[in-house]
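Given next are the chains, with one letter for each unit.
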Amino acid sequence: MAPLKYCLTLLFCVLFAFSKAQEIPVEYHFGERYHDRYKYSKLLDISDDGMGGSILVRSYYTGIVLKPKGYYIEHYNKNLELIAEYNYRLKGRHFINAFVKNGQLNMLLLEYNMLKGTYDYVVHRSPISTYGFTAHPILSVPSQEVSNPLAHNYYNRNFSRGFTTTAFFNPDESAFVISTHFKRGKVNTHMLYLFNSSLNKLLEYDFSGDLEEKNYAFENMVTSKNLDAVYLVGKAYFKKRRFAATDRKFQYELLRISTDGGTLQTFDDTGRYSESLKPMLVQDRLVCVGFYADRKDNRYNGLAYFNLDPKTLAIREKKYNPFSPQFMADKFGRGEDNVVKNLVFKNLCLTPENNILFNAEEYFVTSSLQSDPTGSRLKINRYHYNDIVSAKLSIDGDMLWARNINKAEVTQGDGAYTSYSSLTKGDNTYYLISTGAENPQLLPGERLFFKQGLGRNKNVFMIMLDKDGKISYEKVIDNHEARLPLMVSKPLIDDVDKSMLYYAKRGSRKQLVKVKLGPQALP
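Residues numbered from 1 in each chain as written. Predicted model: local features only at pLDDT ≥ 70, side-chain atom pairs only at ≥ 80, totals over all residues. Heavy atoms only, no water.

### Thoughts on the side chain of Ser59
Tracing the backbone shows Ser59 in strand E4 (residues 54-62). By relative accessible area, Ser59 is classed as buried at 7%. For Ser59, the side chain forms a polar contact with the side chain of Tyr61, separated by 3.4 Å. Filtering out sequence-adjacent residues up to four positions away, Ser59 remains in contact with Ser41, Lys42, Leu44, Gly70 and Tyr71. (Helix = DSSP H or I, 4+ residues; strand = E, 2+ residues; numbered from the N terminus. Buried < 20%, exposed > 50% of the residue type's maximum accessible area, 1.4 Å probe, protein only. Polar contact = N/O pair within 3.5 Å; in protein donor to acceptor, adjacent residues only side chain to side chain. Contact = heavy atoms within 4.5 Å.)

Structure (structure tokens):
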């Protein structure tokens, strides 16, 4: 009887483990590990090569005092095999983005031309079959050289440094916008340019006339299908108003640019202040989704939704959905007077039924002073990537659910190894995170908390939110298998194949890791 009881118990455990493993249908495949000559580098971009493979661009650093020396390019085939490498020795440029079009790798760089006294946007282009780069200047802006023209902060912007610039790509990388702001003395100009991926300039707009009362820091953009209009959402910082220390010094605005000119729209109402808005074109609608606050400070009270006319930007409908009791319980348990803040939008997409799924992350920076071996005091920044916020809205802006996934990560180095990546399939959203902890911590109220952990090798967890907002999770890659840490926040996402491709690297070892949803076998 005892052996039978033992066998039944063992069978039950096996069946339970199997059913749990099948709860999230996910597969993974490791590419070969390769030796890498550059121990110190930073992954800048992963692009689809158009043939099922991938192109990676890294900046690498050498010397006793580490300094950037150039760009290292790796080409992998669809079987995750390294088929080509190229060292592009090029210094003194600011990397913007990279994309592959018609068998050619394009790297958009910002360069300062000492002879002309200009900042130049230059595309460095090479065939991916035989590497050899040629430079194609597309834009030049007169300016004195500044310390960091691409400096960007989620919560503050400095417009007094003389020259600042930002570039935005649409999701399929068929077009990009360059924003340039130059200020010196009484000269204050803000120009916007739209280019397609063939490097043709489609639109140019002088935004300087709107700078008398506000400075603009754009954050997100979307383009029409035929690229005849572009929509930019960002913060408009007030210049001449008095503020209390805790007051919000900006408001969110939407700018539409076309051959007919530009149109602006604001969103704030009395007692309703928008935050982190992101645009999306859905059929005949222009939708902006984000958060809102009920006071002029940095706390959030819920989700904001705006339905606008794509041509006039007239607001057809607006809705404010307070955070639900479920969401607040997820995040804080049963505590009182808790504050939601520091949320940064990451992804926005549609389900097959045109419901809106989006997620954001609690992100902030802390600083402290530390002494180095010489006794000098150094400022150390720590970058915090905490809770994941996920929500589902109907196409008409009604909140169907909102959930909070408790997570805590902090880094002083490369942020590619922290944060998360996400992918949707049908009505389900999947999040992939990497942690040194063996399992999430169970908090009061049946809440889960994914801690950073201290392990050298990382476990990889998949978290799923189903169509009703129900949370489940699973360890999909054990730390004994994942010997190299994944750059979990920089995947190449294939929405057709429903897979995510990751670069894994430690020191002089590297490999690719592919994670795929669904029961289909990997090639």
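Next comes the rest of the account.
### With respect to the nonpolar core
Counting residues in each nonpolar core, the largest one holds 22 residues, and the members touching the most others are Val289, Phe291, Leu303, Phe323, Ile356 and Phe358. Looking at this core, the elements with two or more residues in it are strand E19 (273-282), strand E20 (285-293), strand E22 (302-308), strand E25 (343-350), strand E26 (356-371) and strand E27 (377-393). If near-sequence neighbours (up to four positions away) are discounted, Ile356 is found in contact with Val287, Val289, Tyr305, Leu348, Cys349, Leu350, Ala391, Lys392, Leu393, Ser394 and Ile395. (Core = buried A, V, L, I, M, F, W, Y, C linked by side-chain atoms within 4.5 Å.)

### A short note on the packing of aromatic side chains
In total, this model carries 34 aromatic pairs according to the counting rule given. Centroid distance Tyr71 to Phe95: 6.2 Å. Interplanar angle 40 degrees. Geometry classified as tilted. Of this pair, Tyr71 sits in strand E5 (residues 67-76) while Phe95 sits in strand E7 (residues 93-101), and the two are 24 residues apart along the sequence. Accessibility classification places Tyr71 together with Phe95 in one group, the buried group. Ring geometry for Tyr216 against Phe218: centres 6.0 Å apart, planes inclined by 20 degrees, an arrangement best described as stacked. Taken together, Phe291, Tyr300, Phe323, Phe327, Phe345 and Phe358 form an aromatic cluster joined through their ring pairs. (Phe/Tyr/Trp six-rings, centres within 6.5 Å; stacked < 30°, edge-to-face > 60°.)

### Some words on the pairing of strand E8 (residues 104-113)
The side chains of a regular strand alternate, residue by residue, between the two faces of the sheet. Of all ten residues making up E8, seven are buried, and the element is well covered by its neighbours. Note: E7 against E8, eight bridges, orientation antiparallel. If you follow His94 over to E8, its bridge partner there is Leu110. Between E7 and E8, which pair antiparallel and follow one another directly, the connecting turn spans two residues, one of which, Asn102, has a positive phi of 55 degrees. (Pairing = 2+ DSSP bridges.)

### A few points about the pattern of salt bridges
Oppositely charged side chains are able to pair whenever their charged atoms sit close together. Scanning the entire structure with this criterion turns up 29 salt bridges. Shared partners join several salt bridges into a network, and the residues in it are Asp36, Arg58, Glu74, Glu85, Lys505 and Lys510. (Salt bridge = Lys/Arg side-chain N within 4 Å of Asp/Glu carboxyl O.)

### Focus: the layout of surface pockets
Roughly 440 Å³ of internal volume is contained in the second largest pocket. Lining the second largest pocket are 21 residues, and of these Arg403, Gly445, Glu446, Arg447 and Leu448 lie nearest its centre. Elements with a contribution of two residues or more to the lining of the second largest pocket: helix H2 (325-332), strand E28 (399-411), strand E32 (447-451) and strand E34 (471-477). With four residues, E28 is the largest single contributor of residues to the lining of the second largest pocket. Here the residues of the lining of the second largest pocket are counted per class, giving eight nonpolar, six polar and seven charged. (1 Å grid on protein atoms, 1.4 Å probe; cavity = no way out; pocket = protein on both sides within 12 Å on 5 of 7 lines; lining within 4 Å. Points joined across faces, edges and corners; volume = space filled by probe spheres on them. Nonpolar A, V, L, I, M, F, W, Y, C, P; charged D, E, K, R; others polar.)

### Observations regarding the sheet that holds strand E15 (residues 214-223)
One open sheet holds the four strands; their spatial order is E15-E16-E17-E18, and the pairing between them is antiparallel. Each end of this open sheet is capped by a strand with a single partner; those strands are E15 and strand E18 (261-266). Averaged over all pairs of adjacent strands, the angle between their axes in this sheet comes to 25 degrees, without regard to strand direction. With nine bridges joining them, E15 and strand E16 (residues 229-238) adopt antiparallel strand pairing. When the bridges of E16 are listed, Ala217 appears paired with Lys235. (Axes fitted to C-alpha atoms, helices over the stretch in contact; angles between N-to-C directions.)

### Thoughts on the sheet that holds strand E10 (residues 134-142)
Pairing is antiparallel across the open sheet formed by four strands, whose spatial order is E7-E8-E9-E10. For this open sheet the edge positions go to E7 and E10, each flanked by a neighbour on one side alone. Strand after strand, the sheet turns through a mean of 20 degrees between neighbouring axes, direction not considered. For strand E9 (residues 118-127) and E10, the ladder comprises eight bridges, and the chain directions are antiparallel. When the sheet's bridge partners are listed, Thr118 is paired in E10 with Pro142.

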